[in-house]
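Overview (structure and organization)
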Amino acid sequence: MILALDIGGTKLSAAWIDNQHCVARKQVAMRHDEAGFLIALREVTQAPYPVEKVAVAATGFLREGQVWSVNLHTIPFWKGFPLGQVLQQQFNCPVVMLNDAQAAAWGEFLPRQSRLSSLLFITLSTGVGGGLICDGELRIGSHGLAGHIGHATVNVRPLDAQPGNCGCGREGCLEHVASGTALARQASALLGRPLDSRQLFILAATDPQAEAILNNAARAVAQAIADTLMVVDIEEVVIGGSVGLAEGMLQRIRLALETFPALFHLPLTAALGGGDAGLLGAAAWAQRQTR
Ligand SMILES: [Zn+2]
């Protein structure tokens, strides 16, 4: 049985997968300190199932079993944290790790591979991640960074007056405009009270400022899609993550993309795996490694 783990900025999910069938699933809140994380990891992985392989989808980028946050605000202690070794010691079995958006990109590619060989997956969630499939292969890259579209810059500024720099240290990143964190920051600044991204989507139905924040974020995502198309060429864009799959976001991005010349009008689809795209993708990737 494969134990699939999805470790994101806000939650830690586990699924026990036997022959592509999910036998059990658990989820706990992510802890942002090392000691708390290890407690949460033990809690979420406790189950009476034999584990033959651990498949990990983790936010950040991975090198030789270690994980690093690009945006250090996401998980501050992920600065070379030996996640592979921790899991190997806990389960005493092979551990296969991927960036979470790369894992989801692979999981979303598999059901589409009969009709296309390249796609860009974008997750709009706590942060903004991405994964690239080119010529039928998942791109990981020599630094594990391939597809990290959240830290590509866009010519769309956030709507709050003094947004500061992105957590990666650069100015102008997509993540700083369009992530759930960025949406909450802009909504709270513009509307004058603490708001999260879920509340922003509800407000957008009646409040033009809330709607403007979401449309501005959609324009930023559309720019990043158009730039990726020009750099590596892709056939389809798959949108996932809690913000990406929120009511109306896909359509906002589609409308923003349609303001560009026809060359840039790529098909946009929603992640088939929904919120489980990372888990399912990591499990499928781990299965592939045994062949
Ligand atoms: Zn950045």
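Our subject in this report is the structure included herewith. (Residues numbered from 1 in each chain as written. Predicted model: local features only at pLDDT ≥ 70, side-chain atom pairs only at ≥ 80, totals over all residues. Heavy atoms only, no water.)

**A word on the packing of helix α1 (residues 34-45) against helix α2 (residues 83-91)**
Threshold: Simply put, an axis is a line fit to the C-alpha atoms, just over the touching stretch for a helix, and the angle between two N-to-C directions goes from 0 to 180 degrees. Every helix listed is a DSSP run of H or I at least four residues long, and every strand listed is a run of E at least two residues long, numbered separately from the N terminus. Just so you know how the angles are binned, under 35 degrees is roughly parallel, over 145 roughly antiparallel, 65 to 115 roughly perpendicular, and the rest oblique. Crossing handedness is defined as follows: a turn of the near helix away from the far one that is anticlockwise and smaller than a right angle gives a left-handed crossing, while the clockwise case is right-handed. Any two residues whose heavy atoms approach within 4.5 Å at even a single point are treated as in contact.
Across the interface, α1 lies against α2 with an axial gap of 12 Å and an inter-helix angle of 45°. By the angle between their directions, the pair α1 and α2 is classed as oblique. When the axes of α1 and α2 are compared, the crossing they make is right-handed. Across the interface between the two elements, Phe 37, Leu 38, Leu 41, Arg 42 and Thr 45 of α1 pack against Leu 83, Val 86, Leu 87, Gln 90 and Phe 91 of α2.

**Considerations on the nonpolar core**
Test applied: Note on terminology: a nonpolar core comprises buried Ala, Val, Leu, Ile, Met, Phe, Trp, Tyr and Cys residues joined through side-chain atoms within 4.5 Å. Note on exposure labels: buried denotes an accessible area under 20% of the residue type's maximum, exposed denotes more than 50%, and partly exposed covers the range between, all computed with a 1.4 Å probe on protein chains only.
Ile 122, Leu 124, Leu 174, Ile 225, Val 237 and Ile 253 are the most contacted members of the largest nonpolar core, which has 45 residues in total. For this core, the elements supplying multiple residues, two or more each, are β9 (119-124), β10 (128-134), α4 (175-178), α5 (180-191), α6 (197-203), α7 (208-232), β12 (236-240) and α8 (249-257). Top contributing element to this core by residue count: α7, with 12 residues. When near neighbours in sequence (up to four residues on either side) are disregarded, Ile 253 contacts Leu 124, Ala 218, Val 221, Ala 222, Ile 225, Ile 239 and Leu 268. Core analysis: the next-biggest nonpolar cluster, separate from the first, contains 30 residues, Leu 3, Ala 24, Val 28 and Met 30 among them.

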